[in-house]
Amino acid sequence: MERRVIQVEGMSCGHCKAAIEKAVRSMPGVVMVEVELARKEVVVEFDAEQVTLEAVKEMIDDTGFTVV
Ligand SMILES: [Cu+2]
C-alpha cells in the first residue's frame, strides 16, 4: 500500500473537500483519501497495482482543482 501527499490549489471549503474525496474514493484501488484544507493537501492511500499516483492526480484535476 502506498501513502502519498498531493499538494492541491483551489480547495476552499467543505464542498471542495467532499467533491475531491468522493471522486478519488470512487477509484478502484484507493483505500483512503483525506483532504486537509488548511494545508492544501490531499492524503491518499492506494494499491499501486490497481491505480497510479498519476491517475489520482488526473482525477483531482478533472474535478476542477489544480495539482501543484
Ligand atoms: Cu469549496
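Here we take up helix α2 (residues 53–62). Residues of α2 that are buried: Val 56, Met 59 and Ile 60. Seen along its axis, α2 keeps its buried residues to an arc of 100°; they face one direction. In α2, those exposed residues whose orientation departs by more than 90 degrees from the buried face are Glu 54, Asp 61 and Asp 62. Buried residues belonging to α2 abut β1 (2–9), α1 (14–25), β3 (41–46) and β4 (66–67). At the C-terminal side of α2, Gly 64 shows a positive phi close to 110°.

Bridge count between strand β2 (residues 30–36) and β3: six bridges; the pairing is antiparallel. Looking at β3, one finds that Glu 36 is bridged to Glu 41. The hairpin turn running from β2 into β3, its antiparallel successor, is four residues long, and Lys 40 in that turn takes a positive phi close to 55°.

Moving on: the nonpolar core. Of all hydrophobic cores here, the largest spans 15 residues; its most connected members are Ile 20, Val 24, Val 42, Val 44, Val 56 and Ile 60. Look past the residues within four positions of Ile 60 in its chain and what remains in contact with it is Ile 6, Val 8, Ile 20, Val 24, Val 42, Phe 65 and Val 67.

Attention shifts here to the environment of Asp 61. Note that Asp 61 resides in helix α2. Between the C-alpha atoms of Asp 61 and Glu 41, which are 20 residues apart in sequence, the distance is 14 Å.

Let's shift gears to the sheet that holds β1. Within a sheet, neighbouring strands are paired by backbone hydrogen bonds and run either parallel or antiparallel to one another. Taken in spatial order, the four strands of this open sheet run β2-β3-β1-β4, and their pairing is antiparallel. One side of each edge strand has no neighbouring strand; the edge strands of this open sheet are β2 and β4. Packed on one face of the sheet, α1 meets β2 and β3 and runs near 165° to β2. Across the sheet, α2 lies against β1, β3 and β4, angled at about 30° from β1, the strand it touches most.

What counts and what doesn't
Residues numbered from 1 in each chain as written. Predicted model: local features only at pLDDT ≥ 70, side-chain atom pairs only at ≥ 80, totals over all residues. Buried ≥ 20, exposed ≤ 12 C-beta atoms within 10 Å, placed from the backbone. Helix = DSSP H or I, 4+ residues; strand = E, 2+ residues; numbered from the N terminus. Arc of directions from axis to C-beta. Contact = placed C-beta atoms within 7 Å. Pairing = 2+ DSSP bridges. Core = buried A, V, L, I, M, F, W, Y, C linked by C-beta atoms within 7 Å. Axes fitted to C-alpha atoms, helices over the stretch in contact; angles between N-to-C directions.

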